[in-house]
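Remarks on the overall topology
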Amino acid sequence: MSDASANLSLPLIQPSQAQKHVTHNEALLILDALAQLSVLSATTTAPPAEPATGDRYLLPSGATGAWSGQTATIAMWLGEAWTFLEPRAGWTTWVADTRAQLRFDGSAWQAEAADLQNLPMVGVNSAADAVNRLSVASAASLLTHEGAGHQLKINKASFGDTASLLFQDGWSGRAEMGLAGSDDFAVKVSADGFVFHTALTATGGSGSVQFPNGAEVSDPSGMGNGPVVAMPYIHSRGLNLVSNGLGSLTAPYNYPAGLTSDPVQTPDVQASFSHAGHASGWMQMTETIPINPNDIHEITCFLRQEAMPGDWSAHTHEDRHEHSLGLVCIDADGQEITPLHHARYKSGGTDSLTTLAVPLTPGDTQVVVSDASGWNDAESDPAKLGLRIDGYRDSHGRSYSFYSRFALAGAFSTTGVNNVSHVITLDAPLPGSMGNPDDASGIWPVGTQVANAVQGDAAKLIVSSAILSSSDQWHRAVGHIGGLDTSGTNAPGNFAPGTVAVRLAWSLNSSNQPGGTGGFPDTGAAQRVWIAGASFRPAPISALQSVTTGPAAGSKTIHVAKADVAGSQIQLQQAASEVVPI
């Protein structure tokens, strides 16, 4: 018969053994030591000076004194001496000082790994829930490598789902980045957690980046704020001030809305842009071009009119229509300048420009001027019956002598002009919007410059009502503009006073009206006209000459270089617009 049990090596009472209680008590002490095994420490190397009965230690390598040579055993103090218990594979113990669970693998004690697979949720210093199955409340979270790189992966089930990082303020979303409802990477922001604005999108199929709400750069050295542009955009100007003038960009960028890009039908440039239908009205390019209005600029473009089937011989120009090329003048605050803001009526050659003889207050119905002899008392056209007060200053504080936003169209009737008393009676009281911003009551003082304002086309006509010499053929239109017009005549070759920038504009098929007009037929809503090669650039050899006498005094005459090939010379000649086939 064995003298010890098979698993815990408990001493067994032998037949006819004397003092059986000794063996029995020894077995109970060992059982007491090993059942629900827990040790005070697994790192203490020297026996404590005053151990308590029943204290247990798991002895590490290098133990000294009474523990020497007992590595990996369980040492238990029995009151008078230490007893050592040899562990067996599979034994586990709780270590009190490190709060660790150890398992003996047959040769050494190892930290017991918990089974953390497929846990329903985990909360670290925080409560997880059914939606947020992993919740961490901490000053920071660290995910690091184990020798090489490290990836954080966020996976979604299908294309229309979301895989993203959401940044919150007070549990309300403020920014999100990732795959939100598509496979394109997007960055979105929100001010309230409900309405999100897409700041950036990177297309998955091509890698191209879009800024749906625009992009701005700010540089304290003076570069200013504006769109971020790519090199193809910069190259699209060439030696020109018009972006995409030659159609080098992939879309009809900068050309008027509604035009169709055509890379096939072109005058040897990269693309043209077409309008189909009746009169287009004035169409502007989208970009504004800063200019020096004292310089002379050349404006060019190519035009092509589609031939329409049918017999049009009864009409002088057959199926061809009128087209105009012009510029819209822009002031320092980005506002369009129209004739109402600077053009003046001249009665019998006498300028209506004069001054107030009596203060003018909002609510007044009469304007008393120094001289009303130049005001319109004969022509009933409302476009020639406006009032302008030349006391305007822009947002920068600059004032202008011949440009004002204090302008009122159709302000009076011809019968309201008294050339004897120099009183203009208004059709309605002067509105508050026409008041003097520098006076609390809006009163304009005596001596303020005023004029009979005149309306007209919003665009400065560079090439006016041109009719191409033939259909289905490209023509080149060219004109010039330069110098400020202070004549009040809205001189077509000069910039309007107040101009600091311009936009190119066209009026296409203007004589193609439903039912026909002015001897021109109605060629239908499908007739197409193309424009291409839009250009606006400084004229290299040119000169301005001021007009000093007559109704046009204050305007400028433009002279540009003309080549005389036969005479082998270049001469300065007065500029004139032209449209010629190429």
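Structure: above.
As the structure is a prediction and not an experimental result, all values here were calculated from the model.

**A word on the overall build of the protein**
For the protein, the count of helices and strands is two helices and 40 strands. Total accessible area on the protein is roughly 30900 Å²; 53% of this is exposed by carbon and sulfur atoms. With 27 positive and 51 negative side-chain charges, the protein shows a spacing of 2 Å between the two charge centroids.

**A look at the sheet that holds strand β36 (residues 528-538)**
Strand order across the open sheet formed by six strands is β17-β18-β36-β21-β34-β40, with antiparallel pairing between neighbours. The sheet is open, and its two edges are formed by β17 (260-262) and β40 (578-581), each paired on a single side. On average, each strand axis in the sheet is tilted by 30 degrees relative to the strand beside it, whichever way the strands run. Of the pairings in the sheet, the one linking strand β18 (residues 272-276) to β36 comprises four bridges and is antiparallel in character. Of the residues in β36, the one forming a bridge with S274 is W530.

**Thoughts on a nonpolar patch on the surface**
On the surface, L143, L152, I154, L165, F167, M177 and F185 cluster together into a nonpolar patch covering about 640 Å² of accessible area. Looking at the secondary structure, you find I154 in the loop between β9 (134-136) and β10 (162-169). Using a relative accessible area of 44% as the deciding quantity, one classes I154 as partly exposed.

**Observations regarding the side chain of T300**
Mapped onto the fold, T300 is located in strand β21 (residues 296-305). Classification of T300 as buried rests on a relative accessible area of 6%. If near-sequence neighbours (up to four positions away) are discounted, T300 is found in contact with R476, A477, V478, G533, A534 and S535.

**Quick look at the side chain of N436**
Within the secondary structure layout, N436 lies in the loop between β31 (423-426) and β32 (449-453). A polar contact is formed between the side chain of N436 and the backbone nitrogen of D438, at a distance of 2.9 Å. Aside from chain neighbours lying at most four places away, what touches N436 is G442, I443, W444 and P445.

Analysis parameters
Residues numbered from 1 in each chain as written. Predicted model: local features only at pLDDT ≥ 70, side-chain atom pairs only at ≥ 80, totals over all residues. Heavy atoms only, no water. Helix = DSSP H or I, 4+ residues; strand = E, 2+ residues; numbered from the N terminus. Areas by Shrake-Rupley, 256 points an atom, 1.4 Å probe, with all protein chains shown as cover. Lys, Arg positive; Asp, Glu negative; His and termini not counted. Charge placed at Lys NZ, Arg CZ, Asp CG, Glu CD. Pairing = 2+ DSSP bridges. Axes fitted to C-alpha atoms, helices over the stretch in contact; angles between N-to-C directions. Patch = residues over 30% accessible without salt bridge, like charges linked within 9 Å, V, L, I, M, F, W, Y side chains within 5 Å. Salt bridge = Lys/Arg side-chain N within 4 Å of Asp/Glu carboxyl O. Buried < 20%, exposed > 50% of the residue type's maximum accessible area, 1.4 Å probe, protein only. Contact = heavy atoms within 4.5 Å. Polar contact = N/O pair within 3.5 Å; in protein donor to acceptor, adjacent residues only side chain to side chain.

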